[in-house]
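The primary structure of each chain is shown beneath.
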Amino acid sequence: MKFRLSTLLRTGAAVAALGVSTLALSQAAFPDKPVSLIVPFAAGGPTDVVARMIAIPMGKALGQTVLIENAVGAGGTIAATKVARAAPTGYTIFIHHMGMSTAPALYKKLSFDPLKDYEYIGQVVDVPMTLLARKDFPPTNFPELAAYLKANGNKVSLANAGLGAVSHLCGLLFMSQMGVELNTIPYSGTGPAMNALLGGQVDLLCDQTTQTVPMIKDGRVKVYGVTTLNRLSALPNVPTLSEQGLKGFEVKVWHGMYAPKGTPAPVIEKLNAALRAAMQDPVIKQRLAELSSDIPPMDKISSAGLKTHLEAEINKWGPVIKKAGIYAD
Ligand code: ASP
């Protein structure tokens, strides 16, 4: 059989056109099945709480269920790697906090690049932290805590969610400003770390208000302070760590939503529209306000808003972490 070049070219063009229109059709139909939202920490913890909260209104906006999948370990880097390697279809998306910006400096070998391996859906929420102890931990206030830690040093245990988790960063900042070295114990998320605190297996934990406000209000844990410069409306009687002597102590945890690099722009736009809808949902707004967590301005709930913020945070944290000499092999 003979092929003419012109026939071949025409066929090729038709096939290419078919490919393009199939792609355009599949993007227009997105999503026609559930979307997986990967959470890098254990179920029940603060990141999981935020993800499950927004998955419902996002799903409503998309017309499909948004399923939560917890992929835990190594301070969130296991999930970040999984998402970087996932098919860029929009059916796998990812929520992570500021650990995305500290990982490049903390991990000597990182199998993803936060600035090259993702598409950016938008910033999600800014969450303060609280310094907690098990209910029967002896110090009853911050001055007593300071004295107790000086006397007992690494006999005191401090839980966290692994290297690069915000509980880890908050703990590092706390130990360095207090001038003490505590016995740090890693968990797969602060959900399990909180269970250990409630069970009396660890002494201290620094964790986001998205998990801790109800525990503090119910008196299930002891609280020594909040990590913002001003007191929180959700916990007006809890002093800041800064006002109790740790001058300028401030940790507020920003979150972002990502998709694998190459996810088509129209799909990212749909996901962004769903995220924005979720962040404007009155129920979400009220729940986040009750947890003293802030919804970013709308221009930050955007691809450019998240990417610019991530870049700035990588540049901010890199030198700080390198100077402190903390890293994992
Ligand atoms: N609080 C986070 C979580 O488990 C982990 C962390 O970054 O400390 O959701």
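Described in the following lines is the structure provided in the data block. (Residues numbered from 1 in each chain as written. Predicted model: local features only at pLDDT ≥ 70, side-chain atom pairs only at ≥ 80, totals over all residues. Heavy atoms only, no water.)

### Looking at the pairing of strand β6 (residues 183-186)
Moving on, step 1. Bridge analysis of strand β5 (residues 157-160) against β6 gives four bridges, and the strand direction is parallel. By the bridge assignment, L158 is partnered in β6 with T184.
Moving on, step 2. Handedness of the crossover joining β5 and β6 through helix α6 (residues 166-178) is recorded here as right-handed. (Pairing = 2+ DSSP bridges. Helix = DSSP H or I, 4+ residues; strand = E, 2+ residues; numbered from the N terminus. Right-handed = clockwise from strand over helix to strand, strands pointing away.)

### Let's talk about the packing of aromatic side chains
Both the distance between ring centres and the angle between the ring planes are used here to describe each pair of aromatic rings.
Moving on, step 1. Tallying each qualifying case throughout the model produces six aromatic pairs.
Moving on, step 2. With a centroid separation of 6.0 Å and 45° between ring planes, the pair formed by F94 and Y258 is classed as tilted. Of this pair, F94 sits in strand β3 (residues 92-97) while Y258 sits in strand β9 (residues 252-260), and the two are 164 residues apart along the sequence.
Moving on, step 3. Overall, the relative accessible area of 0% leaves F94 in the buried class.
Moving on, step 4. Cluster of aromatic residues (ring-pair linked, three or more members): F94, F112, Y118, Y120 and Y258.
Moving on, step 5. Looking at K33, its charged tip hangs above the ring of Y91, at a distance of 4.5 Å from the centre. (Phe/Tyr/Trp six-rings, centres within 6.5 Å; stacked < 30°, edge-to-face > 60°. Buried < 20%, exposed > 50% of the residue type's maximum accessible area, 1.4 Å probe, protein only. Lys NZ or Arg CZ within 6 Å of the ring centre and 35° of its normal.)

### Some points on unusual backbone geometry
Moving on, step 1. The amide bond that connects F30 to the next residue, P31, takes the cis arrangement and shows omega of -5°.
Moving on, step 2. Looking at the secondary structure, you find P31 in the loop between α1 (5-29) and β1 (35-39).
Moving on, step 3. With a phi close to 50°, A74 is a non-glycine residue in the positive phi region.
Moving on, step 4. Mapped onto the elements, A74 comes out in the loop between β2 (66-70) and α3 (77-84).
Moving on, step 5. Its identity as a non-glycine residue notwithstanding, S292 has a phi of 50°, on the positive side.
Moving on, step 6. Relative to the helices and strands, S292 is located in the loop between α10 (282-290) and α11 (303-324).

### Section: the site of the ligand
Moving on, step 1. Taken together, 13 residues lie near the ligand, and T47, H97, S167, T190 and Q208 sit nearest.
Moving on, step 2. Contact distances for the ligand include 2.6 Å between a nitrogen atom and a side-chain N or O atom of Q208.
Moving on, step 3. Taking 270 Å² as the accessible area of the ligand by itself, protein coverage stands at 100%.
Moving on, step 4. Secondary-structure elements contributing two or more residues to the shell around the ligand are α2 (46-62), α6 and β7 (204-208).
Moving on, step 5. Looking at the shell around the ligand residue by residue, the classes come out as five nonpolar, seven polar and one charged. (Near = heavy atom within 4 Å. Polar contact = N/O pair within 3.5 Å; in protein donor to acceptor, adjacent residues only side chain to side chain. Areas by Shrake-Rupley, 256 points an atom, 1.4 Å probe, with all protein chains shown as cover. Nonpolar A, V, L, I, M, F, W, Y, C, P; charged D, E, K, R; others polar.)

### Structural notes on the environment of G225
Moving on, step 1. For G225, the position within the fold is in strand β8 (residues 221-226).
Moving on, step 2. Separated by 19 residues in the primary sequence, G225 and Q244 have C-alpha atoms spaced 8.2 Å apart.
Moving on, step 3. The contact partners of G225, leaving out residues within four places of it in the chain, are T130, L131, V238, P239, L241 and Q244. (Contact = heavy atoms within 4.5 Å.)

### Some remarks on the state of the cysteines
Moving on, step 1. For the structure on display, the rule yields one disulfide.
Moving on, step 2. With a sulfur-sulfur separation of 1.9 Å, C170 is cross-linked through a disulfide to C206. The S-S bond linking C170 to C206 shows a torsion near 55°; that makes this disulfide right-handed. Of this pair, C170 sits in helix α6 while C206 sits in strand β7; the two residues are 36 residues apart in sequence, bridging distant segments of the chain. One exposure class covers both C170 and C206, and it is buried. (Disulfide = S-S within 2.5 Å.)

### Observations concerning the environment of L173
Moving on, step 1. Within the fold, L173 resides in helix α6.
Moving on, step 2. Between the C-alpha atom of L173 and that of I56, which follows or precedes it by 117 residues, the distance is 35 Å.
Moving on, step 3. With residues up to four places along the chain from it excluded, the contact list for L173 reads F249, E250 and V251.

### What about α3?
Moving on, step 1. Buried residues of α3: T77, A79, A80, T81 and V83, and no others.
Moving on, step 2. The inward-facing, buried residues of α3 contact β1, β3, α4 (99-106), β4 (118-134) and β9.

### Here's the deal with the environment of M257
Moving on, step 1. One can find M257 in strand β9.
Moving on, step 2. In contact with M257, not counting residues within four places along its chain, are L37, I54, M58, I93, F94, I95, Y120, I121, G122, V124, L275 and L306.

### Some words on the packing of α2 against helix α9 (residues 265-280)
Moving on, step 1. It is the contact of α2 with α9, at a shortest axis distance of 8 Å, that shows an interaxial angle of 125°. Considering their axes alone, α2 and α9 lie oblique with respect to each other. Judged by the twist between their axes, the crossing of α2 over α9 is right-handed. Facing α2, whose interface residues are I54, P57, M58, A61 and L62, α9 presents K270, L271, A274, L275, A277, A278 and M279.
Moving on, step 2. By residue class, the composition of the contact of α2 with α9 is 11 nonpolar, no polar and one charged. (Axes fitted to C-alpha atoms, helices over the stretch in contact; angles between N-to-C directions. Parallel < 35°, antiparallel > 145°, perpendicular 65-115°, else oblique. Left-handed = near helix turned anticlockwise from the far one by under 90°.)

### A short note on α9
Moving on, step 1. Taking 1.5 Å of rise per residue, the 16 residues of α9 would be expected to cover 22 Å, and the 22 Å separating its terminal C-alpha atoms lies within 8% of that figure.
Moving on, step 2. Listing the buried residues of α9 in full gives V267, I268, L271, N272, A274, L275, A278 and M279. Seen along its axis, α9 keeps its buried residues to an arc of 160°; they face one direction. (Expected span 1.5 Å × (residues − 1). Arc of directions from axis to C-beta.)

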